[in-house]
Amino acid sequence: MDRQMLQMDDPVFPPSASKTAKAPITVMPAGLSCQAELFLGTSPTNKAATSGLIPFTSTGAQQLISLPVTMPAAGGVAYHVYLDVYAEGYLLLAYLATEDVIIPSGSVGPITW
Amino acid sequence: MPQFAPSVQKTAVAPITVAPAGLNCEAELFLGPNDATPVASSGLRPFVSSGGAQQVSFPVTMPASPGTYHVYIDLYAAGYYMAGYQATEDVVVQTPVLPPFTMEIVSLTSIGDKYSSYWMFIANVQITNNTGQTQTRRIKCLATYGEYYRYNDPIRWFQRTLENQVAQSPGVGVPWYELTLSPSQSINLVSPQYYINGWRDIFGTYEWPNWPLGAYRSGVPKEYWCCITDDEGNMGLAKSIGTALSY
């Protein structure tokens, strides 16, 4: 399945920060047992942080699904953002956000007066 | 451990690295007994990350109160607090130290008509022993005058003259007035009347030299200066009595 592009804003977060992404997800028909997982990584197979599988039941209409993620501790990296949606255990949708999440890193050297 | 005088402005420089490049960043350096009680701060210093080390300057006015202060740096990236650092060395704000002797011209009083051929004045001088021991110093007052266009640096003239005076002492050239003060004693001295050709030594104890340099030009405004020195090279603040036309 080809991964589709998904709009996203506010891409900079501090290391290890807890954030909750909210994604409007529509699965039809109603009544299906669904799951969604948002994860950050340098590739789809290299997950640096994940919401885990968040369960919901499809309504046939758009649902705002909350996906809590603790940002990676390793900074200085731009992480791709992926969203996978499963219905009845099958991978139904796979998204890649249009912007990366940037986790800055910083260090301060010796002070000179 | 860096040591500074109270209330002086100093600039600290620290290499800061924030990755990735292109982030709007801020850093603040502050001094305090702990990181929750800043007593002096650079404020937030903005910069854009380059991904490499950047030299960020932090101008800080030292606290007025003497003491030892920890040094902290807080780092923000894209509006988020990234990290807080404490320097391995504290900053010491020193207790101001008074010089052993202070010499101050309290006032210069003009006598007579300053537009006459000679402008006479007297100096009221305060000498203070700031130490806990009885001290003896030799002092003298220097005076000069000059034309605006040529003698616009009386301080330099005084310093040059003082060097000559110290080199000649003791016993050669113009004598010094020897003064003994008990611990913390402060006295006021009134100079003899001064006029342009020299001090009139009315006390018979010391002489107040006047060695103006260069040619005297009648009809040109002169500026009249006075300062007090000791034979260790300490010099009080020079004071101008003002300007006058000399004929």
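For every chain, the first residue of the written sequence is number 1, and numbering continues from 1 onward in sequence order. Working convention: letters from A go to chains and numbers from 1 go to ligands, in the order in which they are written. Under the rules for a predicted model, residues below a pLDDT of 70 receive no local features and side-chain atom pairs below 80 are neither given nor counted, while totals for whole chains, interfaces and linings still include all residues. Here the side-chain values reflect all heavy atoms present in the structure, with hydrogen atoms and water set aside.

Asks: I'm lost on the overall build of chain B in this one. Help?
Replies: Here a strand is any run of E in DSSP of at least two residues, a helix any run of H or I of at least four, and the numbering for each starts at the N terminus. Counting its regular elements, chain B contains one helix and 18 strands. Only protein chains enter the accessibility calculation, which uses a 1.4 Å probe; a residue is then buried when its area is under 20% of its type maximum, exposed when over 50%, and partly exposed in between. Taking all 247 residues of chain B together, the buried fraction comes to 42%. For chain B, long-range pairs separated by at least 24 residues make up 69% of all intrachain contacts whose partners lie at least 6 apart in sequence. We call two residues in contact when some of their heavy atoms are within 4.5 Å.

Asks: Can you help me understand the overall build of chain A in this one?
Replies: Helix and strand counts for chain A stand at zero helices and 10 strands. Here chain A holds 113 residues, and 38% of them are scored as buried. Using a 1.4 Å probe, the Shrake-Rupley method yields the accessible areas, and only the shown protein chains count as cover for residues. Surface summary for chain A: the accessible area is close to 5,800 Å², and the carbon and sulfur share equals 55%.

Asks: Is there a simple way to think about the packing of aromatic side chains in this case?
Replies: Think of a pair of aromatic rings as described by two things: how far the centres are apart, and how the planes are tilted against each other in angle. Within 6.5 Å between ring centres, the rings of Phe, Tyr and Trp (the latter by its six-membered ring) count as paired, and their orientation is classed by plane angle as stacked under 30 degrees, edge-to-face over 60, tilted in between. Counted according to the given criterion, the structure contains five aromatic pairs over all chains. Consider the rings of Phe39(A) and Tyr82(A), whose centres lie 5.0 Å apart with planes at 20 degrees: the pair is stacked. With Phe39(A) in strand β3 (residues 33-43) and Tyr82(A) in strand β7 (residues 77-87), this pair connects stretches of sequence that are 43 residues apart. By relative accessible area, which is 3% here, Tyr82(A) ends up buried. With centroids separated by 5.2 Å and ring planes inclined at 25 degrees, the aromatic side chains of Phe30(B) and Tyr72(B) adopt a geometry described as stacked. Linking Phe30(B) in strand β3 (residues 24-32) with Tyr72(B) in strand β7 (residues 67-77), this pair joins segments that are 42 residues apart in sequence. A ring has a charge above it when a Lys NZ or an Arg CZ is no more than 6 Å from the ring centre and no more than 35 degrees off the ring normal. Over the ring of Phe39(A) we find Lys47(A); its NZ or CZ atom is 4.6 Å from the centre of that ring. A cation sits over an aromatic face here: Arg137(B) above Phe101(B), 4.6 Å from the ring centre.

Asks: Honestly, the nonpolar core in this entry has me stumped. Any pointers?
Replies: Soluble, globular proteins show a tendency: their nonpolar side chains are buried together. Working definition of a nonpolar core: buried Ala, Val, Leu, Ile, Met, Phe, Trp, Tyr and Cys residues. They are joined through side-chain atoms within 4.5 Å. By size, the foremost hydrophobic cluster in this structure holds 27 residues, and its most contacted members are Ile16(B), Val18(B), Leu29(B), Leu31(B), Phe47(B) and Phe58(B). Elements with a minimum of two residues in this core: β2 (9-19), β3, β6 (53-61), β7 and β9 (91-93) of chain B. Considering each element in turn, this core owes the most residues, five residues, to β7(B). In this structure, Phe13(A), Ala36(A), Leu67(A) and Tyr79(A) belong to the second largest nonpolar core, which totals 26 residues.

Asks: How do you make sense of the side chain of Thr128(B) when you look at a structure like this?
Replies: Residues and elements named next belong to chain B. Position of Thr-128 among the secondary structure elements: in strand β11 (residues 120-129). Look at Thr-128 and you get buried, because its relative accessible area is 15%. Residues adjacent in sequence count toward polar contacts only when both atoms are side-chain atoms; beyond that, a polar contact is any pair of N or O atoms within 3.5 Å, and within protein one must be able to donate a hydrogen and the other to accept it. Side chain to side chain, Thr-128 and Ser-186 meet in a polar contact 2.8 Å long.

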